[in-house]
Amino acid sequence: MTTGLRSGLTQYGDAEFSLFLRKAFIKAMGYTDEALTRPIIGITNTASDYNPCHGNVPDLIEAAKRGVMLAGGLPMVFPTLSIHESFAFPTSMYLRNLMAMETEEMLRAQPMDAVVLIAGCDKTIPAQVMAAASVDLPSIVVPTGPMSVGHHRGEMLGACTDCRRFWAAHRAGTLAEGEIEAVNERLAPSVGTCMVMGTASTMACLVEALGLALPGAASATATSADRKRIAEASGARAVAIAKARHPKVGALLTDKSLHNALVVLQAIGGSTNGVIHLTAMAGRAGVTLDLATLDRLGREVPVLLNLKPSGAYYMEHFHHAGGLPRLMRELADNLHLDCPNVAGTTLGEVIGKAEDVPGQGVIFARDKPLKSTGALAVLLGNLAPRGAVIKQSAASKDLMSCSGRAVVFDSVEDMAQRIDDPALDVMEGDILVLRHAGPKGAPGMPEAGYMPIPLKLAKAGVKDMVRISDARMSGTAFGTIVLHITPEAAEGGPLALVESGDVIRLDVPGRRIDVQVDENEMARRLATWKKKPPHRPLPARGYARLFARHITQADEGCDFDFLMHKD
Ligand code: FES
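Residues numbered from 1 in each chain as written. Predicted model: local features only at pLDDT ≥ 70, side-chain atom pairs only at ≥ 80, totals over all residues. Heavy atoms only, no water.

Undergrad: Explanation requested: the overall build of the protein chain in the structure shown.
TA: Tallying secondary structure elements over the protein chain gives 20 helices and 14 strands in all. Taking 2.2 N^0.38 as the reference for a compact globule, 567 residues should give roughly 24 Å; the C-alpha atoms of the protein chain span a radius of gyration of 24 Å, in line with that estimate. For the C-alpha atoms alone, the extent of the protein chain along its principal axes is close to 75 × 60 × 50 Å. Working note: accessible area of the protein chain is about 22300 Å², and carbon and sulfur atoms make up 54% of it. (Helix = DSSP H or I, 4+ residues; strand = E, 2+ residues; numbered from the N terminus. Rg over C-alpha atoms; globule rule 2.2 N^0.38 Å. Areas by Shrake-Rupley, 256 points an atom, 1.4 Å probe, with all protein chains shown as cover.)

Undergrad: Help me out: how do you make sense of the UniProt feature "domain: Dihydroxy-acid/6-phosphogluconate dehydratase N-terminal" (unreviewed entry) in the protein chain in this one?
TA: The UniProt entry lists residues 38-349 under the feature "domain: Dihydroxy-acid/6-phosphogluconate dehydratase N-terminal" (unreviewed entry), expressed in the numbering used here. End C-alpha atoms of residues 38-349 are separated by 31 Å, and the span's content is 49% helix alongside 9% strand. (UniProt positions renumbered as here; feature names shortened; annotations may be inferred.)

Undergrad: Can you walk me through helix α11 (residues 255-267) in this structure?
TA: Counting along an α-helix, one turn takes 3.6 residues, and residues three or four places apart therefore face a common direction. Counted at 1.5 Å a residue, the expected span for α11 with its 13 residues is 18 Å, and the 19 Å between its end C-alpha atoms agrees. Of all 13 residues that make up α11, 11 are buried, and the element is covered over most of its length. Two residues or fewer past α11, G269 is found with a positive phi of approximately 70°. (Expected span 1.5 Å × (residues − 1). Buried < 20%, exposed > 50% of the residue type's maximum accessible area, 1.4 Å probe, protein only.)

Undergrad: So what exactly am I meant to see when it comes to the packing of aromatic side chains here?
TA: A ring pair, where both rings are aromatic, is described by two values, the distance of the centres and the angle of the planes. Here the structure, examined in full by the defined rule, presents 10 aromatic pairs. Ring pairing ties together the aromatic residues Y94, Y543, F547, F560 and F562, which thus form one cluster. Against the face of Y450 rests R164, its NZ or CZ located 5.4 Å from the ring centre. One cation-aromatic arrangement involves R467 over Y450; the distance from NZ or CZ to the ring centre is 5.5 Å. (Phe/Tyr/Trp six-rings, centres within 6.5 Å; stacked < 30°, edge-to-face > 60°. Lys NZ or Arg CZ within 6 Å of the ring centre and 35° of its normal.)

Undergrad: What's the story with the pattern of salt bridges in this structure? I'm lost.
TA: A pair can form between side chains of opposite charge whenever their charged atoms are brought close. Tallying each qualifying case throughout the model produces 37 salt bridges. Here R284 ties to E104 by a salt bridge, and the two come within 3.4 Å at their closest N and O atoms. Taken together, the residues R284 in helix α12 (residues 273-284) and E104 in helix α4 (residues 92-109) connect sequence positions 180 residues apart. Ionic pairing is found between D414 and R418, a salt bridge with its closest N-O pair at 2.8 Å. Here R418 and D414 lie together in helix α17 (residues 412-418), a separation of four residues that amounts to about one turn. Overall, the relative accessible area of 28% leaves R418 in the partly exposed class. A network of salt bridges, in which partner residues are shared, links E499, D502, E521, R524 and R525. (Salt bridge = Lys/Arg side-chain N within 4 Å of Asp/Glu carboxyl O.)

Undergrad: Hey, could you run me through the sheet that holds strand β4 (residues 139-143) in this one?
TA: Adjacent strands of a sheet pair through backbone hydrogen bonds, lying either parallel or antiparallel. Here we have four strands laid out as an open sheet, ordered β2-β1-β3-β4, and parallel in their pairing. Of all the strands in the sheet, the pair left with one neighbour each is β2 (74-79) and β4. With direction set aside, neighbouring strand axes in the sheet form an average angle of 20°. Here strand β3 (residues 114-119) runs beside β4; their pairing, made up of five bridges, is parallel. (Pairing = 2+ DSSP bridges. Axes fitted to C-alpha atoms, helices over the stretch in contact; angles between N-to-C directions.)

Next comes the structure, spelled out in structure tokens:
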């Protein structure tokens, strides 16, 4: 096997000439032959002025380069796509697979013996791991890390659970004049990722649980010295795995480590998005995420982490309480402790060294959990033949088993136009339904599942309603919200057939979501639906056309069908 500069030579028909030319060009950067004989460690540069969650990437690159050079390697930084949640039209999920494709091809095209993947905002870690799993290169993930907490009128706050709480209060007219502007300045007080247990924090915890990042890498704040030390250590470790050519992603992302990640997902109060991304990441390594297993673990593994939106604290408090190694020690009975990690040890060794922090109130003991069940439940029923997900740890207890009249919105645009209309026929106890917001229908499965409470109900003090959709929801959000209904409406799933006024029954304890309409009537509606033109025409060109043709459903990770693992 070729390594270093000799790997992946540009094809001129003469390998020695290709190498000669490559060296001639790279020497323009001032490298010596001595430098060019070292193991090459690629380092992704996802810094972007549009991405404050990656605002510390330049610092982390410097630290990772230092680690690589201290260990005798040659760091080579290269740019890739960068995606921020609030700067991605129509939605960041639409671009995740593009980033995964682009990163995969750059990992293949450029010579490197290992790669340091630096990312953090929701879609960027999944995209990079999908890429690295497909290439199966020795890889180490460095999350950019969470923001520090903000403070407002004596309370801690942060992005973006508190963004939603304050915005809901602003909509309901209960905030003082000018307060929403003051809050806007304080929700994101530093660079880094959202500091609640949103999707970014969830994915950082999951890559650490999978063994793809160093112990402790999930939780150190973006601006801390710890974060830079993690980057330096990751650079040094990358040289070791490059020399050993092991472990590659496929050696770490296995059935057993996926099981560990699902246990962690349940115990941290993790984001529903984590299910989709884990499915896609594991799928690239030929490992299948089974929704029934996720649900079973949700019954066995309680939420132990006291972080918003399920609890009270933020990621920096988690870090100071011992971080993921300490949390996983509480979960040891459910974990495969022999799983290896990129640090060259096992999970058992990692949790054996976990720190006990006296008096901390962030990581709860296994026998005294924050919540008696796990974060997520998987629902089936005549509305979701291939499944749906609810974050039960952030839902209202009194709505977990209820029936209500459907109020249907046919698209995100339809909802935006009508939700606050005083004439909307909606009352407390109804169930809001949003469709054509799935992977294909929207397109890109936007985080529109957190439908706002209709203004007239919000003003009357209604704080939560059952909301169901084929969309996703930000991991920072809370409420009784059923997501990822599969198949989606745009694919002719039963959600497409629901009419306003139908009665929907939600039964989280029984794991059911059903519309109470008889089968004959549903068959009649389906026959009518099939005669309708498609909700959206196939885009004429470009990535939009590729996306529409090849995007898979939520239970397949919303990967492109042609990028999924093939034996
Ligand atoms: Fe990037 Fe929340 S917007 S992590």
